[in-house]
Amino acid sequence: MQRSAAYARDGETRTELVALLLASVACVVVLVVSIVEARSAGGGTEIPLAIIAIGVAAVALSGLIAFVIVRRSARLAAHASADAELLRTELFMAQSVFEAEPQILVFWEQDHGLRLVTHTLNTVAGVPSDQPTLLRFGRWLDTRSAGDLKSGLDRLFQDGRPFNFLLKTKVGGHVEADARAVGSRAVLRFRDIAGYKRDLVEVLEQHRHLTRDIKTSRALLNALPMPVWVRDPVDKLEWVNAAYVAAVDASHPKDVVEEQIELLDARQRAVVKGGTERPEASKKRLQLLVEGTLKTHDVISVPVDDSRAVAAIDVTELETARGELRRQEMAYDRTLDRVSTAVALFNTDRKLAFYNEAYRELWELDPNWLDQQPTDGQVLDRLRELSRLPSTGDYRQWKNEIVEVNSTKQIYEDHWALPDGRILRVFAEQRPDGGITYLFDDRSEQLALESRYRTMIQVQRETLDSLKEAVAVFGTNARLRLFNSAFAQIWRLSESALAQRPHIDEFISSITPQCDDAQAWAPITAAVTSLSGDQKSIDGQLRHVDGAIVDFATTPLPDGGTLVTFVDVTTTQNYQRALLERNEALVAADRLKSRFISHVSYELRTPLTNIIGFSELLESPRTGELNTKQREYLSDISASSRTLLAIIDDILDLTSIDAGSLELHYDTVIVREVIDAAVRAVADRASRARITLDVGVADDVTHFLADPQRIRQILYNLLSNAVGFSKAGDVVRLSCWQEYGHIVFEIVDQGIGIPKADQVDVFERFVSRSQGSKHRGAGLGLSIVKSIVEHQNGTIALSSEPDEGTTVTVRLPLQPSESLQSDSPEARLTQRSA
């Protein structure tokens, strides 16, 4: 009402101002009209007075208007101040009303959007105090309450429908949300709840929990494979699960409840329900017809207030399993009676529940006494009375240790040395049912075998480790099973790594840096990994990257494994290579020497022949008379030339022998003629040295088949040596006889002899030892003799003692072989003629 009065006063003031303005405008219009009329009437002098009068009137009118305006403005200011005071009073009153109740007031306006009017709700847990968080309802309301509030606000903005909700914060506080629409505006109010509303909230919350529990329980019961149902106070079906519906061949739980389709017949329902007034939980085993099949079920009935929940658990498989378990136990008992290990089973009371025949025979106990189910302690006492337990210093403590170990669920394992010499392995363990199982295994024979086996393995190990060859045995799975120390050394691997029993491929990979030739290992890998029937022994050679050479060989074993041996032959190979190279060098040098000697001999022979020819020419009378001194010089030149020519001839003969071109001209050799020719050749030297030549030929020796020239050469060289190493007055004897199809020539001298150490190389070339005599030679005589004799399938032997002389024996066949005869030029000529 006060605001209406103020508005009325403002309207009056505006009307007065408008009237004054209209009056002023009218005066001005009248004045202008008067001036115009006066001028049109022709009065020139009266116009200024009229103008002055009009001006005065206009000034007076303007002052009047200004006065009115000022007065009106003062009055309007007074009214506005009163109105402002009134509005402030009303605002304070509204704020007092809003703050008098704990609440949150949110105002929506179409043009200005969302605005928080007031927030005095500080007593509810979980309600934020700051405006940005408060206006984001999803941050402080729980999920369900935030969804309800959003749905209500959507309906409010779209249809203008108000709502009133009881909401819950995330920390458990509760608020009442009330929203109303006013035109294009909306107001949302949050209040604290108290009194019956708080009780209602608790009831609703409890109802929500109960509803959720019921849904969860029924969902779980529907998921169970066993039929579950609930009966009401009048014993009618109230609810059934999906398994119940399937068991009675129904289509829907609602049909089962409406038609009261029973799974149990009347008698079975009475058995399950019982006849007492106070219902109690019960469990009965019944045969139920489920899905057309009769099966065994445990029917459990549980009273709940005045209702009853029933469940039927299928135990058909359990009964089948129990029957099978009984049969297996019987079979198990029969099996234990046939094993050699003694077995004794004690129940939870520590009484003997089972023992097999091996147990009775081991301890030789009375079966009647064992059937009385003695405890394990009583059994030990009886065995001690019979002196069948190991000797112990404190039997009671020993017994308590065994019993206590079994009672603390630990495993007892020990070896007992019985008085009769047997060794038992004793094993005791508590079973899951609380009983104790004792196992007694006679290990006497096994331990003896193990001892012998370990001894054999140790001997085998020591034997293998003493071998220089590297030995490895790979099993049928191609893994390293056995090796010696030489094997680890040759491949530079640690014995700990080899003890891991690597596969053949792993072993080859580990030594690849040492021997990177994978193709060389392929035969070994094939031999180790091949089948037992396809294994073959192979050998070959490997090379280290450092140049070492290793020979390998594989041997299949009877058990399917493979024995592989490795030998480092680097030194042997190096020696062999060096010997081959040295031999090749010696052969080349000898060939070069022979070629050089042959060339030199041929080159020397021609001028030497000329020297001999000219010497003979000078000695003839046709060249003139020579004095004694000249004849002596020519004689020396001729003798030296002939000696040198003989040496050259010997060298050429050796060259021919080495080249394989020595030709033998077989013919009938008259023994006496050959001997006489050889004796005549050395007679002059022997005469000058005052040495006697004695020749003895057996009567039955007349002739034999050989090369006459070579026989004379043999005898000449031997006689020449004998004369050369004999002293003045000695006798050189040449004897000849037949013996076992051979003709034997023996030359014996009484010279200085040959020491034993020098007899080894006496037939070697260019070996010439004077042995203190004046004899000098090229060292070719005996070597040529030996070569010619052996070339005719003969033999030569030398026997000598220092200062006692030397004996040389030559044996030649009376009839040479056909191959030697066919190689002679005459034989070849005879063959061509034929």
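Residues numbered from 1 in each chain as written. Predicted model: local features only at pLDDT ≥ 70, side-chain atom pairs only at ≥ 80, totals over all residues. Heavy atoms only, no water.

**Some thoughts on the overall build of the protein**
We count it as follows: Numbering of helices and strands starts at the N terminus; helices are DSSP runs of H or I of at least 4 residues and strands are runs of E of at least 2. Each residue is placed in one exposure class: buried if its accessible area under a 1.4 Å probe, protein chains only, is under 20% of its type's maximum, exposed if it is over 50%, and partly exposed if it falls in between. In this analysis, two residues are considered to be in contact whenever any of their non-hydrogen atoms come within 4.5 Å of each other.
When you go through the protein residue by residue, the secondary structure sums to 26 helices and 27 strands. Burial analysis of the protein (834 residues in total) assigns 34% to the buried set. Taking all contacts inside the protein whose residues are at least 6 apart in sequence as the whole, residues at least 24 apart take part in 49%.

**Considerations on the sheet that holds strand β17 (residues 480-483)**
Cut-off, in case you're wondering: Only when DSSP finds a minimum of two bridges between them are two strands counted as paired. For helices, the fitted line uses only the C-alpha atoms of the stretch in contact; every axis is such a line through C-alpha atoms, and the angle between N-to-C directions lies from 0 to 180 degrees.
What the five strands build is an open sheet, ordered β17-β16-β20-β19-β18; its pairing is antiparallel. Edge positions in the sheet fall to β17 and β18 (538-543), since each of these pairs with one other strand and no more. Adjacent strand axes in the sheet meet at a mean angle of 25° when their direction is disregarded. Here strand β19 (residues 549-556) pairs with strand β20 (residues 562-568) via seven bridges, running antiparallel. Residue pairing in the sheet places A553 in a bridge with T565 of β20.

**With respect to the packing of helix α22 (residues 671-688) against helix α23 (residues 708-724)**
As a reminder of what qualifies: Roughly parallel refers to an angle under 35 degrees, roughly antiparallel to one over 145, roughly perpendicular to one between 65 and 115, and oblique to any angle outside these ranges. By definition, turning the near helix anticlockwise from the far helix through less than a right angle yields a left-handed crossing, and turning it clockwise yields a right-handed one. Charged residues are taken to be Asp, Glu, Lys and Arg, nonpolar residues to be Ala, Val, Leu, Ile, Met, Phe, Trp, Tyr, Cys and Pro, and polar residues to be all remaining types, Gly included.
Contact geometry for α22 and α23: axes closest at 9 Å, N-to-C directions at 30°. Judged by the angle between their axes, α22 and α23 are roughly parallel. In this structure, the crossing between α22 and α23 has a hand that is right-handed. When α22 is examined against α23, the residues V674, I675, A677, A678, V679, A681, V682, R685 and A686 are found in contact with a partner set consisting of I711, R712, L715, Y716, L719, S720, V723 and G724. For the contact of α22 with α23, a count of residues per class yields 13 nonpolar, two polar and two charged.

**Details of the pairing of strand β9 (residues 293-304)**
Sheet topology places strand β8 (residues 282-290) next to β9; nine bridges connect them, and they run antiparallel. Bridge pairing in β9 links L288 to K295. Between β8 and β9, which follow one another and run antiparallel, lie two residues, and E291 among them has a positive phi close to 55°. The sheet contact formed by β9 and strand β10 (residues 307-314) spans eight bridges and is antiparallel. Across the sheet, the residue bridging to I300 is A311, located in β10. From the end of β9 to the start of β10, which pair antiparallel, there are two residues, and D305 there has a positive phi angle of about 55°.

**Structural notes on the nonpolar core**
Note the threshold: Nonpolar cores were defined as sets of buried Ala, Val, Leu, Ile, Met, Phe, Trp, Tyr and Cys residues, with membership established by side-chain atoms within 4.5 Å.
Formed by 39 residues in total, the largest nonpolar core has its most connected members in V671, I675, F704, L715 and F745. Broken down by secondary-structure element, the contributors of at least two residues to this core are α22, β23 (703-706), α23, β24 (731-739), β25 (742-749), α24 (781-791), β26 (795-801) and β27 (805-813). Discounting chain neighbours no more than four positions away, the residues touching L715 are V674, I675, A678, L734, F745 and I747. With 28 residues, the next largest nonpolar core counts Y355, L389, L424 and I436 among its residues.

**Notes on the side chain of D730**
On the secondary structure map, D730 appears in the loop between α23 and β24. Take D730: its relative accessible area is 9%, and that puts it in the buried class. Residues within four places of D730 in sequence aside, it is in contact with R690, I691, T692, Q750 and G751.

**Some points on the sheet that holds strand β15 (residues 436-442)**
Read across the open sheet, the five strands follow the order β12-β11-β15-β14-β13; overall the sheet is antiparallel. Strands with a single pairing partner mark the edges of an open sheet, and in this sheet they are β12 (352-355) and β13 (412-417). In this sheet, neighbouring strand axes are inclined to one another by 20° on average, regardless of whether the strands run parallel or antiparallel.

**Thoughts on unusual backbone geometry**
Across residues other than glycine, the phi torsion is negative in most instances, and most of the peptide bonds are trans. Phi at Q373 takes a positive value of approximately 55°, unusual for a residue other than glycine. Residue Q373 is classed as partly exposed on the basis of its relative accessible area, which comes to 37%. Here N793, not a glycine, exhibits a phi torsion of approximately 65°, which is positive. With respect to the helices and strands, N793 occurs in the loop between α24 and β26.

**Re the confidence of the model for the protein**
What counts, and what does not: Confidence of the prediction at every residue is given by pLDDT, a number between 0 and 100.
Summarising the model, the protein shows a mean pLDDT of 77, and 77% of its residues fall at 70 or more. Contacts for the low-pLDDT stretch residues 1-7, under 50 throughout, to residues beyond four places or in other chains number six contacts. Within the model, pLDDT remains below 50 along residues 822-834, and this stretch shows 14 contacts once partners closer than five positions in the same chain are excluded.

**Some thoughts on the packing of aromatic side chains**
Selection criterion: Any two of the Phe, Tyr and Trp rings considered here, Trp counted by its six-membered ring, make a pair once their centres fall within 6.5 Å; the pair's planes then place it as stacked at under 30 degrees, edge-to-face at over 60, or tilted in between. Should the NZ of a Lys or the CZ of an Arg lie within 6 Å of a ring centre and within 35 degrees of the ring normal, that charge is described as sitting over the ring.
Inspection of every chain in the model, using the stated rule, returns 19 aromatic pairs. With a centroid separation of 6.5 Å and 50° between ring planes, the pair formed by F483 and F487 is classed as tilted. Assigned by exposure class, F483 and F487 land together as buried. In this structure an aromatic cluster arises from ring pairing among F346, Y355, Y359, W363, Y395, W398, W416, Y438 and F440. The aromatic ring of W369 is capped on one face by R382, whose charged end is 4.3 Å from the ring centroid.

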